[in-house]
Amino acid sequence: MDPEFDDVVSVEDLMALERRYAEERRGGAVSRRCQFEYAWGLVRSPYGQDVARGVALLHELMPKGTREEQRDYVFYLALGNYRLKEYERALGHVERLLGAEPHNPQGLRLRRLIRDRMRRDGLLGAAIVGGVALGVAGLAGLLGLAISRARH
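Let me sum up the structure you'll find in this document. Everything numeric in this text was worked out from a predicted model, so none of it was measured.

So, how was this worked out
Residues numbered from 1 in each chain as written. Predicted model: local features only at pLDDT ≥ 70, side-chain atom pairs only at ≥ 80, totals over all residues. Heavy atoms only, no water. Salt bridge = Lys/Arg side-chain N within 4 Å of Asp/Glu carboxyl O. Helix = DSSP H or I, 4+ residues; strand = E, 2+ residues; numbered from the N terminus. Buried < 20%, exposed > 50% of the residue type's maximum accessible area, 1.4 Å probe, protein only. Phe/Tyr/Trp six-rings, centres within 6.5 Å; stacked < 30°, edge-to-face > 60°.

### Looking at the pattern of salt bridges
Consideration 1: By the definition in use, this model includes 13 salt bridges.
Consideration 2: The partner of R115 in a salt bridge is E95, with the nearest N and O atoms 3.1 Å apart. Taken as a pair, R115 in helix α7 (residues 105-151) and E95 in helix α6 (residues 87-100) lie far apart in primary sequence, 20 residues in all.
Consideration 3: Relative accessible area serves as the criterion here: at 34%, R115 is assigned to the partly exposed category.
Consideration 4: When its relative accessible area of 30% is taken as the criterion, E95 is described as partly exposed.
Consideration 5: Salt bridges sharing partners connect three or more residues here, namely R20, E24, R33 and E37.

### Observations concerning the packing of aromatic side chains
Consideration 1: For the structure on display, the rule yields six aromatic pairs.
Consideration 2: Each ring, one from F36 and one from Y73, has its centre 5.7 Å from the other, and the planes form 40°; the classification is tilted. Pair noted here: F36 is in helix α3 (residues 32-43) and Y73 is in helix α5 (residues 67-83), with a separation of 37 residues, a long-range link.
Consideration 3: For F36, a relative accessible area of 16% corresponds to the buried category.
Consideration 4: Under the relative-accessibility criterion, Y73 is labelled buried at 2%.
Consideration 5: By the ring-pair criterion, three or more aromatic residues cluster together here, those being F5, F36, Y73, F75 and Y76.

Set out below in structure tokens:
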């Protein structure tokens, strides 16, 4: 767990951001700043549905933002997808950020973390598949042995 990328927003803070967002929606127009702050809080939520909602709000903001705002949107899109375990999407966003800012320290750390998780999960996935394959092979071997003994 990496505190910089895995910390969560407090329930109180998220509720305050949600109230402000709802108030602006009722007023007819949500400012980019308000939508971004709410998306930021959602991306830092411990709940996957909230994180996914935050990612969706950030996607809505992308075409509307200034260059500086888009940099923040892309970073939090990368973070949100990382938290959703959508590592390839997260890596795509962080690479986009690093394309514009190759020495961005947060981007570099997040890219390293994403790649580490991809390797770990890839190895874990391979180990699970390998274990299942060995289990099937072992079962087939036992079945073959049982059939062979039954014939003799």
